[in-house]
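Per-entry structural report
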Amino acid sequence: MTKAEQGGIQRPPIARWFVIESVVLVVVSLAFLFKSQVAGYSALFGGLIFLLPHGYFAFKAFRYSGARSARQIMSSFYQGEAGKLILCAILFTMVFKWIPSLDIAALFLSFAIMLVTNWLTPLLAGRRTQRS
């Protein structure tokens, strides 16, 4: 089989993206830790509230590939996005309910930083893909 015949859409390097986003989360949490311990763990929770549901979405969305799986791909994307939104809501509720002292600004700011990081990660990771 030649390379021309192997064409098709390749999966994005999800594992590399999660490593980059995790490093950004640690850096942001450490930066907030200089403000206070409460701000540090609040920032960590805010980042995890973004990262965990996003991981669920990536797992669901990229399970299938190929033109024959088009319906399964669309269904998985919708299920992944719905699950991501529900998980975000549940995790925010759990943090607000069970964490006694919380720096709300650090929580939401780190969530927002992770969101922007997610948009920029493909640029940070580069467009290189592995080809056989």
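See the structure above.
As a starting point, this report considers the structure included with it. The structure presented is a predicted model; accordingly, all values stated were derived computationally and were not measured.

1. Side note on the packing of aromatic side chains
Each aromatic ring pair is specified by the distance between its two centres and by the angle formed by the two planes. Tallied over the entire structure, the rule returns 7 aromatic pairs. Where Phe96 meets Phe108, the ring centres are 6.0 Å apart and the plane angle is 40 degrees; that geometry is what we call tilted. With Phe96 in helix H3 (residues 70-98) and Phe108 in helix H4 (residues 104-125), the pair connects residues that are 12 residues apart, well separated along the chain. Phe108 gets classed as partly exposed once you look at its relative accessible area, which sits at 40%.

2. Some thoughts on the nonpolar core
Formed by 15 residues in total, the largest nonpolar core has its most connected members in Ile49, Val95, Leu107 and Phe111. Elements that contribute at least two residues to this core include exactly helix H1 (14-33), helix H2 (37-61), H3 and H4. Once residues lying within four places of it in the same chain are set aside, the contact partners of Phe111 are Gly46, Ile49, Phe50, Cys88 and Phe92. The next biggest cluster of nonpolar side chains, apart from the first, holds 5 residues, and it includes Phe32, Ala39, Ala43 and Ala106.

3. Section: the packing of H1 against H2
For the pair H1 and H2, the least separation of the axes is 7 Å and the interaxial angle reads 165 degrees. In terms of axis orientation, H1 runs roughly antiparallel to H2. The chirality of how H1 crosses H2 is right-handed. Side by side, H1 and H2 meet where Ile14, Phe18, Glu21, Ser22, Leu25, Val28, Ser29, Phe32 and Leu33 of the first sit next to Gln37, Ala39, Gly40, Ala43, Leu44, Gly47, Leu48, Leu51, His54, Gly55 and Ala58 of the second. Its residues assigned to classes, the contact of H1 with H2 comprises 12 nonpolar, 7 polar and 1 charged.

4. Here's the deal with H1
Over its 20 residues, H1 extends 28 Å from the first C-alpha to the last, a length consistent with the 28 Å expected when each residue adds 1.5 Å. Along H1, the residues classified as buried are Phe18, Ile20, Glu21, Leu25, Val28, Ser29 and Phe32.

What counts and what doesn't
Residues numbered from 1 in each chain as written. Predicted model: local features only at pLDDT ≥ 70, side-chain atom pairs only at ≥ 80, totals over all residues. Heavy atoms only, no water. Phe/Tyr/Trp six-rings, centres within 6.5 Å; stacked < 30°, edge-to-face > 60°. Helix = DSSP H or I, 4+ residues; strand = E, 2+ residues; numbered from the N terminus. Buried < 20%, exposed > 50% of the residue type's maximum accessible area, 1.4 Å probe, protein only. Core = buried A, V, L, I, M, F, W, Y, C linked by side-chain atoms within 4.5 Å. Contact = heavy atoms within 4.5 Å. Axes fitted to C-alpha atoms, helices over the stretch in contact; angles between N-to-C directions. Parallel < 35°, antiparallel > 145°, perpendicular 65-115°, else oblique. Left-handed = near helix turned anticlockwise from the far one by under 90°. Nonpolar A, V, L, I, M, F, W, Y, C, P; charged D, E, K, R; others polar. Expected span 1.5 Å × (residues − 1).

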